[in-house]
Amino acid sequence: MSADLTLDLEARAHSEHAHELRLWLRLLTCSQLIEKRVRTGLREQFDTTLPRFDLMAQLERHPEGLKMKELSHRLMVTGGNVTGITDQLVAEGLVERTGVDGDRRAFRVRLTPCGHTAFAEMARQHEQWIVQAFEGLSPRDLDNLHRLLGKVKAHQLEIG
């Protein structure tokens, strides 16, 4: 999404719209701007994509590896998407596939040592981009925002 289109999401709201709608559009715009920064940084600094980063992040949390179906579920994408990304990462030596005992059709995917090293570097930089995104807020502002968004989240879980 272009920066102009992203900014227009919030600009579409007018003072006669519900305050909650304007707040939602501001949250969405902030989220999209931060995500754009992360996507750009991953592409420019690591020649990778956010979906590849996300897949590697899942594997980092599970050193024993995950089955392809588990990855698909955790990433909320189709098996075909996971297969394509995994194929790329295998070709680059960042992940490896191993068979699953008792199931000839299933594969477990895990980071290689090279993959662990590459992901650790990307994760450190990713964290810095997120920290930079919130640099304009004081520690108290950050605590308040976290607390308030927690209330929104809890309410959604209650009604959802």
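Please read these numbers as outputs of a predicted model, since none were measured by experiment.

(A) Inspection of a nonpolar patch on the surface at higher detail. Taken together, the side chains of Leu-21, Leu-23, Trp-24, Leu-27, Phe-134, Leu-137, Leu-142, Leu-145, Leu-149 and Val-152 present a nonpolar region at the surface, about 800 Å² in accessible area. Elements represented by at least two residues in the nonpolar patch include exactly helix 2 (19-46) and helix 7 (139-159). The topology assignment puts Trp-24 in helix 2.

(B) Representation of the sheet that holds strand 3 (residues 103-111) within the structure. With antiparallel pairing, three strands are arranged side by side in an open sheet as 1-3-2. This sheet does not close on itself; its edge strands, each paired only once, are strand 1 (66-67) and strand 2 (95-100). One ladder, built from six bridges, connects strand 2 with strand 3; its direction is antiparallel. Across the sheet, Glu-96 pairs through a bridge with Arg-110, a residue of strand 3.

(C) The packing of helix 4 (residues 68-75) against helix 5 (residues 79-91), seen in detail. Their axes nearest at 9 Å, the elements helix 4 and helix 5 cross at an angle of 110 degrees. Taken together, the axes of helix 4 and helix 5 lie roughly perpendicular to each other. Facing Met-68, Leu-71, Ser-72 and Leu-75 of helix 4, the residues of helix 5 in contact are Gly-79, Val-82, Thr-83 and Thr-86. Class assignment of the residues belonging to the contact of helix 4 with helix 5 gives a composition of four nonpolar, four polar and no charged.

(D) Quick look at the pattern of salt bridges. Taken as a whole and assessed by the stated rule, the structure comprises four salt bridges. The partner of Asp-87 in a salt bridge is Arg-97, with the nearest N and O atoms 2.3 Å apart. Residue Asp-87 is located in helix 5, and its partner Arg-97 is located in strand 2; the two are separated by ten residues in the primary sequence.

(E) Looking closely at the nonpolar core. Counting residues in each nonpolar core, the largest one holds 22 residues, and the members touching the most others are Leu-42, Leu-55, Met-56, Leu-59, Leu-71 and Leu-89. Sorting the residues of this core by element identifies helix 2, helix 3 (50-61), helix 4, helix 5, strand 3 and helix 6 (113-133) as the ones contributing at least two each. In terms of residues, this core owes the most to one element, helix 3, which gives six residues. In contact with Leu-55, other than residues within four places in its own chain, are Leu-71, Leu-75, Val-82, Ile-85, Thr-86 and Leu-89.

What counts and how
Starting from 1, residues in each chain are numbered consecutively following that chain's sequence as written. Local features in a predicted model are, by the rule used here, given only for residues with pLDDT of at least 70; side-chain atom pairs are given and counted only at 80 or more, and totals for whole chains, interfaces and linings are based on all residues. To get the side-chain values, all heavy atoms of the structure are used, and hydrogens and water are removed first. Patch membership requires more than 30% relative accessible area and the absence of a salt bridge. Residues of like charge join within 9 Å; the nonpolar side chains Val, Leu, Ile, Met, Phe, Trp and Tyr join within 5 Å. Methods summary: accessible areas were calculated by the Shrake-Rupley approach with a probe of 1.4 Å, and residue burial reflects only the protein chains presented. Take a side-chain nitrogen of Lys or Arg and a carboxyl oxygen of Asp or Glu: if they are within 4 Å of each other, that pair is a salt bridge. For the purposes of this entry, the term helix denotes a DSSP run of H or I that reaches at least four residues, the term strand denotes a run of E that reaches at least two, and both are numbered from the N terminus. Here, strands pair whenever DSSP counts at least two bridges between them. As a rule, the C-alpha atoms of each element are fitted with a line to give its axis, helices using only the stretch in contact, and angles between N-to-C directions run from 0 to 180 degrees. These descriptions rest on fixed angle ranges, namely under 35 degrees for roughly parallel, over 145 for roughly antiparallel, 65 to 115 for roughly perpendicular, and the rest for oblique. Contacts were defined at the residue level, with two residues in contact if any of their heavy atoms lie within 4.5 Å. Put simply, Ala, Val, Leu, Ile, Met, Phe, Trp, Tyr, Cys and Pro go in the nonpolar bin, Asp, Glu, Lys and Arg in the charged bin, and everything else, Gly too, in the polar bin. Nonpolar core, defined: a set of buried Ala, Val, Leu, Ile, Met, Phe, Trp, Tyr and Cys residues in which side-chain atoms within 4.5 Å join the residues together. We call a residue buried when its accessible area falls under 20% of the maximum for its residue type, exposed when it is over 50%, and partly exposed in between, using a 1.4 Å probe and counting protein chains only.

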